[in-house]
Amino acid sequence: MYDYDLLVLGSGPSGQKAAIAAAKLGRRVGIVDRRDMIGGVCINTGTVPSKTLREAVLYLTGLSQRDLYGSSYRVKEEITVGDLAARTQHVISRQTDVIRNQLARNRVALITGTGRFADPHSIWVDGGSGHESKITFDKIVIAAGTRPARPDSVDFDDRTIVDSDGVINLQAVPRSMVVVGAGVIGMEYASMFAALGTKVTVVERRDGMLDFCDEEIVESLKYHLRDLSVTFRFGEEVAAVEKHETAALCILKSGKKIVADTVMYSAGRQGQTDDLALDAAGLEADRRGRIAVDEHYRTSVEHIYAVGDVIGFPALASTSMEQGRMAALHACGEPVRELQELQPIGIYTIPEISFVGKTEEELTNAATPFEVGVARYRELARGQIVGDSYGMLKLLVSPQDGRLLGVHVFGTGATEIVHIGQTVMGCGGTVDYLIDTVFNYPTLSEAYKVAALDASNKIRNITRIDG
Ligand SMILES: Cc1cc2nc3c(=O)[nH]c(=O)nc-3n(C[C@H](O)[C@H](O)[C@H](O)COP(=O)(O)OP(=O)(O)OC[C@H]3O[C@@H](n4cnc5c(N)ncnc54)[C@H](O)[C@@H]3O)c2cc1C
């Protein structure tokens with residue numbers, strides 16, 4: 001009766017996983033996206049380009065090796081945008097190929113074009129040739145993602161004043177840059193450009209940044225970024241940006257003026273729902289373009305699901321994939337297990353940050369007692385070998401039963417090694433497990449054992465006195 005059992009609108013991480021999960025269950029599945037956006041924001045403009053750029057910056061600047069070879073160490077003296085773009089383009093095209101192949105192998109029809117609802121069971125797809133075709137479906141998953149929010153008052157030109165999409169296409173590495181907004185994306189790019197030698201000023205309306213992270217780790221990050229000549233202007237707002245022939249002039253509400261080659265706005269994201277003709281399906285989005293869903297990712301119209309960034313928080317590729325898979329299982333009438341509550345956060349600043357579980361502040365506010373166990377990379381053989389003298393791992397441990405309440409990592413490989421703590425926590429493990437476990441030597445993972453011993457020694461000292 002319908003062209004597809006399940007149609008997916010958008011081929012980002014959530015859309016891909018939804019399509020493949022349904023195809024594996026033998027459903028007829030189609031996925032719609034624009035020709036140049038296969039893989040979504042994740043592959044084309046967001047996660048993958050930014051993380052590839054970061055690797056290119058770390059490699060070419062030699063920054064991570066300077067502890068070993070001295071502060072003048074560089075792999076390449078004059079780093080051009082060409083050097084950076086080459087690696088990014090290479091990874092994007094390989095990843096796009098992998099996705100196309102996965103979809104083809106699973107017999108998911110890839111329909112290129114832009115879709116909008118015609119009615120609750122069909123969409124029009126504009127393939128760009130001026131001709132629209134109608135596609136019908138039994139169920140649909142909206143996985144249309146987001147785009148950078150652009151304040152109306154700012155005159156973006158994709159050269160001097162850019163957002164996070166434009167920053168990956170700059171014509172030259174800027175000598176100076178103002179980053180407006182100290183959220184995750186803003187701070188990741190601020191780190192990369194600072195590492196490239198750009199004089200970065202971060203302007204943030206709030207009094208601090210990344211306030212959901214461990215305070216001590218955010219302090220360490222600020223220290224490192226200041227060391228790379230980053231200036232922070234917290235509690236400040238940009239009142240106007242003037243474009244001049246050779247640079248932009250940023251005027252803050254406090255009256256300060258900052259000259260910069262480039263101004264990058266990182267002012268949040270807007271759901272890509274305005275062109276979806278949601279009303280034709282009986283749906284609506286909120287002011288930020290987000291669609292409301294229930295615990296099964298169903299919208300207010302039962303056979304229409306929405307997943308990924310378009311439904312809002314946490315708006316990560318990692319969670320979006322799981323949402324897509326779970327929505328498809330539900331749409332196909334399969335049993336769906338709940339997502340584990342413990343979810344890691346990874347922030348690819350330089351140095352990187354990752355954590356899982358509670359922060360010290362959250363535990364203190366909840367009057368939950370905890371002990372802290374710390375391991376510093378410089379005390380680990382692997383830390384010395386890789387030249388990381390600043391990294392640290394911090395465990396927050398319950399003094400009552402030794403359970404891990406939070407794991408916070410700063411430095412090399414943070415986003416990878418956090419998963420050890422996540423697994424131990426997820427399985428209800430205690431510091432004793434980490435103490436009684438043999439870790440490969442020399443590794444950064446060994447930090448878990450050192451931090452576990454630290455926490456357990458502190459707990460023992462208290463017990464000795466307190467009983
Ligand atoms: C700079 C940056 C860095 C990031 N870094 C990380 C990170 O390190 N880790 C992490 O987990 N997450 C990161 N994210 C977030 C991550 O990219 C998103 O969470 C993820 O891409 C969301 O996936 P999605 O499936 O919702 O769709 P998206 O990836 O947003 O893709 C949506 C797709 O839908 C398509 N679409 C929209 N409307 C239509 C339509 N009408 N017809 C057809 N197709 C349509 C779009 O063309 C697009 O391809 C980052 C994001 C940015 C911007």
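Residues numbered from 1 in each chain as written. Predicted model: local features only at pLDDT ≥ 70, side-chain atom pairs only at ≥ 80, totals over all residues. Heavy atoms only, no water.

Participant: I keep staring at the packing of aromatic side chains and nothing clicks. Help me out?
Facilitator: Pairs of aromatic rings are described using the distance from one ring centre to the other and the angle between the two planes. The final tally for this structure, using the stated rule, is five aromatic pairs. Ring centres of Phe212 and Phe355 lie 6.4 Å apart, and the angle between their planes is 40°; on these two criteria the pair is classed as tilted. One end of the pair, Phe212, is in the loop between strand E10 (199-204) and helix H7 (215-227); the other, Phe355, is in strand E19 (residues 353-357), with 143 residues separating them in the sequence. Since its relative accessible area comes to 36%, Phe212 is described here as partly exposed. (Phe/Tyr/Trp six-rings, centres within 6.5 Å; stacked < 30°, edge-to-face > 60°. Helix = DSSP H or I, 4+ residues; strand = E, 2+ residues; numbered from the N terminus. Buried < 20%, exposed > 50% of the residue type's maximum accessible area, 1.4 Å probe, protein only.)

Participant: Where do I start with the pattern of salt bridges in this structure?
Facilitator: If charged atoms from side chains of opposite charge come close, those side chains can pair. Counted by the stated rule, this structure contains 25 salt bridges. Note that Asp158 is salt-bridged to Arg150, the shortest N-O span being 3.1 Å. Overall, Asp158 belongs to the partly exposed group, its relative accessible area being 43%. Taking the shortest distance from any N to any O, the salt bridge between Glu219 and Lys222 comes out at 3.2 Å. Placement of the pair is Glu219 and Lys222 together in helix H7, with a separation of three residues, close to one helical turn. (Salt bridge = Lys/Arg side-chain N within 4 Å of Asp/Glu carboxyl O.)

Participant: Please explain the pairing of E19 as it appears in this structure.
Facilitator: In regular strands, side chains alternate between the two faces of the sheet. Burial of E19 is extensive: four of the five residues sit out of reach of the surface. Sheet topology places strand E18 (residues 345-347) next to E19; three bridges connect them, and they run antiparallel. Looking across to E19, one finds that Ile345 is bridged to Phe355. Between the antiparallel neighbours E18 and E19 lie five residues. Relative to strand E22 (residues 404-410), E19 is paired through five bridges, and the arrangement is antiparallel. The residue of E22 that forms the bridge with Gly357 is Gly406. (Pairing = 2+ DSSP bridges.)

Participant: How should the UniProt feature "binding site: FAD" (unreviewed entry) in the protein chain be read in this particular structure?
Facilitator: The UniProt record annotates "binding site: FAD" (unreviewed entry) at Lys51, Gly115 and Asp309. An extended arrangement is adopted by the annotated residues: their sequence extent is 259 residues, and the largest C-alpha distance between any two is 29.2 Å. Assessed through its relative accessible area of 8%, Gly115 is described here as buried. Along the chain, Asp309 falls in the loop between strand E17 (304-306) and helix H8 (317-331). Here Asp309 is in contact with Gly145, Thr146, Ala315, Leu316 and Ser320, once residues within four sequence places are set aside. (UniProt positions renumbered as here; feature names shortened; annotations may be inferred. Contact = heavy atoms within 4.5 Å.)

Participant: Teacher, can you tell me more about the sheet that holds strand E9 (residues 176-180) here?
Facilitator: Sheet strands line up and pair through hydrogen bonds in the backbone, either parallel or antiparallel. With parallel pairing, five strands are arranged side by side in an open sheet as E8-E15-E9-E10-E11. At either end of the open sheet lies a strand with only one pairing partner, and these are strand E8 (161-162) and strand E11 (231-234). On the sheet, helix H6 (residues 184-195) packs against E9, E10, E11 and strand E15 (262-265) and is oriented at approximately 165° with respect to E10. (Axes fitted to C-alpha atoms, helices over the stretch in contact; angles between N-to-C directions.)

Participant: I tried to follow helix H13 (residues 447-466) on my own but got confused; where do I start?
Facilitator: Owing to its 3.6 residues per turn, the α-helix brings residues three or four apart onto one side. For H13, which comprises 20 residues, the first-to-last C-alpha distance of 28 Å matches the rise-based estimate of 28 Å (1.5 Å per residue) to within 8%. Against the buried residues of H13 lie strand E20 (371-376), strand E21 (392-397), E22, helix H11 (414-426) and helix H12 (431-435). Phi turns positive, to about 85°, at Gly467, one or two residues after H13. (Expected span 1.5 Å × (residues − 1).)

Participant: What is the right way to read the pairing of E20 from this model?
Facilitator: Summarising burial for E20: five of the six residues are buried, a large majority. Across six bridges, E20 lies against E21 in antiparallel orientation. Note that in E21 the partner of Gly373 across the bridge is Leu395.

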